[in-house]
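Letter by letter, the chains look like this.
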Amino acid sequence: MSSATDSDDRPGFAVTTTALAVIVFLQIPVIVVVLAAFSTTSYLTIPPRGLTLAWFGKVLTDPTYLAAIRMSLMLACGSTVISLVLGVAAAYALFRKALPGSEAITSVLMAPLILPAVVIGVALLQYYSLTGLRGSLFGLLMAHVVITVPYIVRSALASLAGLDLAVEEAARVLGANGFEAFRLVTLPLIQPGLVAGALFAFITSLDNVPVTIFLIGANQTTLPVLIFSSVEMGIDPSVAAVSTLLIVATGIILLIAERVAGFHRFV
Amino acid sequence: MNIHHLELFYYVARHGGIVPAVRNMPYGIQQPAVSGQIARLEESLGTKLFNRRPFALLPAGKELFEFIRPFFDKIDRVGEAIRGGSAHHLRVAAPAIVLYDYLPEIFRRVRKHFPSFRLSLHEAARIEAERLLQAGEIDIAITVLERKKATAVRSRALLELPLILLVIFPMMLNLVVRSFGWIALLANRGLVNNLLIQLGLISTPMKLMFNLTGLMIGLTHIYLPFMVLMLVAAIRNVPRDVEAAAATLGSSRLHVFTAVTLPLSAPGILAGSILVFVLTISALVTPRMLGGPTYKVMATLIYDEFMQLLDWPSGSALSFALTAMAIGVIWLSSRLTRRWAGMA
């Protein structure tokens, strides 16, 4: 872009206004949830009446919520780590064309992005029923790996594509073995992409209801599943409070990812 | 004439006056002292060198300045070179907060690798930093750039919080939370209805949930960011020159958009539409939360078949149909895109 056209490029009033309206529209439910969490009433009211932190206290002392939060975090961390290991290895093999039929394998790995999540959920439910994994924590963790691994593979493949293979070869020539060359040269180079991919994976796992709800054991629950089912029972501001906690956490994670890896470039 | 007088005069002429010279001199000297020394210099030359106020060099001053300038300009660097540290000298201008809070740590780290590294710091905000940069008195300025940057200055964004983050943020946010937000907005006693009643526009709450309206609003909100991001990428890929050419040839802005930008971003619009279609048709959480148990879409029906009715064969058949539809739409669109690509 030359500087001469810069002034002509500046969007007009109508465009700017529309863009701002869209951005505001996108934040509305977020703002509403946060406001509702501070109401002193025992039912959901907006704008909130009074101002209280009691609902946050209730959430953070309620064993059901705490167990659900713990379960969600454990699943998200576990599946992200497993997906990172498996996904980076798979992407590397696919990138180096170490396997026949690379394209077909890539499509299969990416399939969970396209297939309806409900379908993955019910498919795994039937599969787990047959193999006896139903209701097991291991089964649930593996299901989350299935839905998170495409994000890692995608970001790893994209990062690898921008890589000059010569640097790795240079490392090999200078005496590094294959693994050392990968760990000391390739891995640091694709790291920003992997950070973004891992964040996507983490959030996807943390977010997931349609797969989790079919596979979760009788007396277990994750945070989104808990909110999802408590809405059907009727809602009080503690749902808004726990949602607010999630909003704040997501915002902080996003800001950190933006500063560390320039996250928006990878979306 | 002695060299100290000449040096003082060099600073005065370079910075445009005695007061700015005193401020910019690398060693401490008071203004009256400078004035006195300059007066001595003028006395020895028998002529005035510059007008005091407003500051302007007189011909004699100009001649002298041009002669001594190359010498004093380079004296510092020559000194460095002789001392052996010339390669590692960096002159930085930055606002105080950067100088005090960030640079010391960076400086310490650089020093570890280059022990001879030297840093000159100038405290300066944007305009002053730009001036120093263009005058060649500093090497780097760290500053806030408004939209435009000075010509002949290369800039690199160190930190930007783009507006796009406000689009990404709702997308990264928990789906359940976003749907819950819409419940709070759209319920019978929700924000929208309360507001409309208070404004006197309606007397009884409108039915915004448990029907198509609610689902439409909620799902539009939830999948809008995907579309925005797809379109940002698509529009970014439209070559600027083509738009500029159309504008040069007399097209109005609107016409440039409809005749050039829109057709060229069509593949991106199609891809975004397909993505949103597939995501929406597969959505379970939002339709269930905003539609309740009674208003059903395919995904919620599958959920009910498996979890409530325990009719797995029917649920499987529905799942198959849903998958076939999603994949069919993707397949069709990829054929269409390929045909477009063939035409282009």
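Residues numbered from 1 in each chain as written. Chains lettered and ligands numbered in written order. Predicted model: local features only at pLDDT ≥ 70, side-chain atom pairs only at ≥ 80, totals over all residues. Heavy atoms only, no water.

Draft legend 1. Quick peek at unusual backbone geometry. Residue and element names in this part refer to chain B. Positive phi outside glycine occurs at Phe 210, with the angle close to 60°. Examined against the element boundaries, Phe 210 turns out to sit in the loop between helix H10 (191-198) and helix H11 (212-236). At Leu 310, a position not held by glycine, the phi torsion is positive, near 55°. For Leu 310, the location among the structural elements is in the loop between helix H16 (298-307) and helix H17 (312-343). Take Leu 310: its relative accessible area is 60%, and that puts it in the exposed class. (Helix = DSSP H or I, 4+ residues; strand = E, 2+ residues; numbered from the N terminus. Buried < 20%, exposed > 50% of the residue type's maximum accessible area, 1.4 Å probe, protein only.)

Draft legend 2. Inspection of helix H1 (residues 3-15) of chain B at higher detail. All names here are of chain B. Compared with an ideal rise of 1.5 Å per residue, which puts 13 residues at 18 Å, H1 spans 18 Å between its outermost C-alpha atoms and is within 8% of the ideal. Between the side-chain oxygen of the N-cap and the backbone nitrogen of His 4 there are 2.8 Å, and the N-cap of H1 in question is Asn 2. The first or second residue beyond H1 is Gly 16, which carries a positive phi of 75°. (Expected span 1.5 Å × (residues − 1). Polar contact = N/O pair within 3.5 Å; in protein donor to acceptor, adjacent residues only side chain to side chain.)

Draft legend 3. Molecular detail of the side chain of Thr80(A). Residue position: Thr80(A) is located in helix H4 (residues 63-95). Residue Thr80(A) is classed as buried on the basis of its relative accessible area, which comes to 8%.

Draft legend 4. Quick look at the packing of aromatic side chains. A complete count under the given rule lists 17 aromatic pairs over all chains for this structure. Seen from their ring centres, Tyr127(A) and Tyr128(A) are 5.9 Å apart, and the 40° between their planes marks the pair as tilted. Under the relative-accessibility criterion, Tyr127(A) is labelled partly exposed at 49%. What makes Tyr128(A) buried here is its relative accessible area of 5%. Here the aromatic cluster, defined as three or more aromatic residues joined through ring pairs, consists of Phe9(B), Tyr10(B), Tyr11(B), Phe50(B), Phe55(B), Phe65(B), Phe71(B) and Phe72(B). (Phe/Tyr/Trp six-rings, centres within 6.5 Å; stacked < 30°, edge-to-face > 60°.)

Draft legend 5. The pairing of strand S3 (residues 89-94) of chain B, seen in detail. All names here are of chain B. Here S3 runs beside strand S4 (residues 118-123); their pairing, made up of six bridges, is parallel. From the neighbouring strand, Val 92 faces S4, where its bridge partner is Leu 121. The pairing of S3 with strand S5 (residues 140-141) spans two bridges and is parallel. The residue bridging Val 92 from the neighbouring strand is Ile 140, located in S5. (Pairing = 2+ DSSP bridges.)

Draft legend 6. Representation of the sheet that holds S4(B). Strand order in this open sheet of three strands is S4-S3-S5 (chain B), and the pairing throughout is parallel. Sheet topology places S4 and S5 of chain B at the edges, where each strand pairs with a single neighbour.

Draft legend 7. Structural view of the packing of helix H2 (residues 13-36) of chain A against helix H8 (residues 164-172) of chain B. As a packed pair, H2(A) and H8(B) sit with axes 9 Å apart at the nearest point and diverge in direction by 35°. Classified by chirality, the crossing of H8(B) by H2(A) is left-handed. For the pair H2(A) and H8(B), contact is made by Ile23(A), Leu26(A), Gln27(A) and Val30(A) and by Leu166(B), Val167(B), Phe169(B) and Pro170(B), respectively. Tallied by class, the residues present in the contact of H2(A) with H8(B) amount to seven nonpolar, one polar and no charged. (Axes fitted to C-alpha atoms, helices over the stretch in contact; angles between N-to-C directions. Left-handed = near helix turned anticlockwise from the far one by under 90°. Contact = heavy atoms within 4.5 Å. Nonpolar A, V, L, I, M, F, W, Y, C, P; charged D, E, K, R; others polar.)

Draft legend 8. Representation of the interface of chain A and chain B in the model. Between chain A and chain B, the contact holds 57 residues from the first and 55 residues from the second. Together, the buried faces of chain A and chain B total about 5,100 Å²; carbon and sulfur atoms form 79% of this surface. Considering only the side of chain A, the residues that lose the most area to chain B are Phe25(A), Leu26(A) and Phe228(A), jointly responsible for 11% of the buried surface there. The interface formed by chain A and chain B contains zero salt bridges. (Buried area = accessible area lost by both parts, 1.4 Å probe. Salt bridge = Lys/Arg side-chain N within 4 Å of Asp/Glu carboxyl O.)

Draft legend 9. Summary view of the confidence of the model for chain A. Residues and elements named next belong to chain A. Summing up the model confidence of chain A, the mean pLDDT is 85 and the portion of residues at 70 or higher is 93%. At the level of individual helices and strands, chain A shows its lowest average pLDDT in helix H1 (residues 6-9), which scores 44, and its highest in H4, which scores 94. Under a pLDDT of 50 for its full length, residues 1-8 has, in the predicted model, four contacts with residues more than four places off or in other chains. (pLDDT = per-residue confidence, 0-100.)

Draft legend 10. How the structure looks around the nonpolar core. Membership of the largest hydrophobic core comes to 89 residues, with the highest contact counts inside it found for Phe214(A), Leu215(A), Ile227(A), Phe228(A), Phe263(A), Ile168(B) and Met289(B). Ranked by residues supplied to this core, first place goes to helix H9 (residues 175-186) of chain B with nine residues. In contact with Leu215(A), not counting residues within four places along its chain, are Gly121(A), Leu124(A), Leu125(A), Tyr128(A), Gly135(A), Leu140(A) and Ala143(A). Formed by 20 residues, the second largest nonpolar core is a distinct cluster that contains Leu6(B), Ile29(B), Leu64(B) and Phe65(B). (Core = buried A, V, L, I, M, F, W, Y, C linked by side-chain atoms within 4.5 Å.)

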